[in-house]
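Commentary on secondary and tertiary structure
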Amino acid sequence: MQLLQRWASCHGSFAGAVAAAGMPALLATGLTASPVFRKQPAAAYPVAAFRGGCCSEKKNVLVVSSGGSRRSSSSIRASSSDNTPAAVFISSINNEQIGKHPDHVTDQLYQYILQHTREPQILQQLREETATLPGSQMQVSPDQAQFLAMLVQIMGAERCIEVGGYSSLAVALVLPEWGRLVACERDERCLDVAGKYYERAGVTHKVDVRHGLEYLLDNGEGGSYDFAFLDADKRMYHQYYEMLLQLVRCNGLVVVDNILWYGRTANPLVAEKRTQSLLDFNQFLLSDERVCISMVPIGDGMTLCRKQ
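To start, this report covers the structure provided alongside it. Nothing here was measured: the structure is a model prediction, and the numbers come from that model. (Residues numbered from 1 in each chain as written. Predicted model: local features only at pLDDT ≥ 70, side-chain atom pairs only at ≥ 80, totals over all residues. Heavy atoms only, no water.)

A closer look at the pattern of salt bridges
- With the rule as written, the count across this model stands at 12 salt bridges.
- Here Arg180 ties to Asp208 by a salt bridge, and the two come within 2.9 Å at their closest N and O atoms. Of this pair, Arg180 sits in strand S6 (residues 180–184) while Asp208 sits in strand S7 (residues 207–210), and the two are 28 residues apart along the sequence.
- Residue Asp208 is classed as partly exposed on the basis of its relative accessible area, which comes to 22%.
- Asp233 serves as the salt-bridge partner of Arg235, at 3.5 Å between the closest nitrogen and oxygen. (Salt bridge = Lys/Arg side-chain N within 4 Å of Asp/Glu carboxyl O. Helix = DSSP H or I, 4+ residues; strand = E, 2+ residues; numbered from the N terminus. Buried < 20%, exposed > 50% of the residue type's maximum accessible area, 1.4 Å probe, protein only.)

Description of the environment of Ala183
- Relative to the helices and strands, Ala183 is located in strand S6.
- Along the primary structure Ala183 and Glu162 are separated by 21 residues, whereas in three dimensions their C-alpha atoms are 4.4 Å apart.
- Not counting the four nearest positions on each side in its chain, Ala183 is found in contact with Glu162, Tyr198, Val207, Asp208, Val209 and Arg210. (Contact = heavy atoms within 4.5 Å.)

Let's talk about unusual backbone geometry
- Although it is not a glycine, Asn258 adopts a positive phi angle of roughly 65°.
- Note that Asn258 resides in the loop between strand S9 (248–257) and helix H11 (273–287).
- Positive phi outside glycine occurs at Tyr262, with the angle close to 60°.
- Residue classification places Tyr262 among the partly exposed positions, given a relative accessible area of 26%.

Below you can see the structure in the form of structure tokens.
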């Protein structure tokens, strides 16, 4: 494990460690088995409920997303053991509550995915409370939040930026105690709700509320972040992306949400402005040689961009 961490330090990222060590060596370290839900007293939540071990290296993460949530579980079941962290497992969601997922994933299959998604109870409570807020339909799904949290854990990130809401709390929960989350949000209602759940989750000391990314650039923080999550105004994606690319380091990761846009980006008959903006942005990413990309059909689709 220590050898692999030293390799990761030399190569600047988990991906670099994989390239140097090879997948067999990676598997031998046991890093592919998530330590997130090792049995421990429920009182250890909220910090331990979503977290595994953290690397000692100082690394940063940048997350930009929109607040709110659209899904509300009609039935959930808590962990069966008293020694399991305070997490819930989604047992069923009504069809009208299923929300965004790739068109090729049926509602039945998505139910199955959600049933095998680990969601800390505090996140489930936030998701249900924010389900009726304006813009909540744009929030990441529980399976997306779990995926983002794992990416942050794999990279050993310590600092983040988030517009506010469900995904920001998911990221804050996996940050180390000395981590920092810059929450970028202009909607006072979202800020009030998010602030309440930051406090309930015991992560308030990690959160710093801001209203944009320009401050970070003006403050000389370019090239200092490991990870960025972009889920803001679709018509502003290109502008946000350019700022994020300045803020992440070489081998850093920018994750862009909603790139499938409910399947509309693959429909040549759709001419709506936000859809066209995403079409143009997706085409731009395809030709952007500053990054390596991978489009994944999770939630409403995400593109992972590794800065070269």
